[in-house]
Structures are given as structure tokens and as C-alpha cells.
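Working through the structure, step by step
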Amino acid sequence: MRPIPIFTDAIELDLKDVEPSLAGPRRPQDRVTLAVAKREFRRELAKEVANHNGVDAKVIDDWITEGGSPERGAA
């Protein structure tokens, strides 16, 4: 039979103070709350796409600000 553990400290946690978030396995310290995850994803994607040749920066800007697809800005 195992001994019953004796705890010396107690932590109180109010669940309404807990925010759902995302974090990757490579850099878990770069946690992003779900409230800003969409905006952060779009910002990072735009930075990644803008670094490639042949990408129209105006199309990327339209895509970010309007929430649409890159084809929306290409007329």
C-alpha cells in the first residue's frame, strides 16, 4: 500500500481567468490566445507569402483587410 501524500501548499484557480490558447511544439512559449489567433495567423501568413517572388503585395493587403481570398483582389 502506498503512503497518502501530504500537501503543504494549495493553489486556487478561478476558471473564468483561464484563456484558451494555441502553442506549437517547437516554441510553446510563443502561446497565442484564441481571441487573436486568426489575426496572428493571417499576419504571419502574409509575411511568409510576401517573401516569395511574383506575389502582388496589394492582393495580400486586400486579403488580410477584407478576410477574403487572394483572388478577390486580382481583377
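Figured I'd write up the structure that's included with this text. (Residues numbered from 1 in each chain as written. Predicted model: local features only at pLDDT ≥ 70, side-chain atom pairs only at ≥ 80, totals over all residues. Heavy atoms only, no water.)

**Focus on the overall build of the protein**
In terms of helices and strands, the protein carries 3 helices and 2 strands. Starting at the N terminus, the α and β elements of the protein follow one another as β-β-α-α-α. Counting every atom, the protein has about 7,100 Å² of accessible surface; 56% of that belongs to carbon and sulfur. (Helix = DSSP H or I, 4+ residues; strand = E, 2+ residues; numbered from the N terminus. Areas by Shrake-Rupley, 256 points an atom, 1.4 Å probe, with all protein chains shown as cover.)

**Here's the deal with a nonpolar patch on the surface**
Taken together, the side chains of L13, L15 and V18 present a nonpolar region at the surface, about 340 Å² in accessible area. Mapping V18 onto the fold places it in the segment before β1 (21-22). (Patch = residues over 30% accessible without salt bridge, like charges linked within 9 Å, V, L, I, M, F, W, Y side chains within 5 Å. Salt bridge = Lys/Arg side-chain N within 4 Å of Asp/Glu carboxyl O.)

**So, helix α2 (residues 57-66)**
Looking at α2, one finds that the buried residues are V59, I60, D62 and W63. Buried residues of α2 fall within an arc of 160° about the axis and therefore sit on the same side. Residues K58 and T65 are exposed on α2 and point more than 90 degrees away from its buried face. (Buried < 20%, exposed > 50% of the residue type's maximum accessible area, 1.4 Å probe, protein only. Arc of directions from axis to C-beta.)

**Points about the packing of helix α1 (residues 34-50) against α2**
Running from N to C, α1 and α2 point in directions that differ by 175°, and their axes come no closer than 10 Å. As the angle between them shows, α1 and α2 are arranged roughly antiparallel. On α2, the residues touching R42, L45, A46 and V49 of α1 are I60, W63 and I64. Classifying every residue of the contact of α1 with α2 gives 6 nonpolar, no polar and 1 charged. (Axes fitted to C-alpha atoms, helices over the stretch in contact; angles between N-to-C directions. Parallel < 35°, antiparallel > 145°, perpendicular 65-115°, else oblique. Contact = heavy atoms within 4.5 Å. Nonpolar A, V, L, I, M, F, W, Y, C, P; charged D, E, K, R; others polar.)

Without other data, these values stay purely geometric and don't point to any function.
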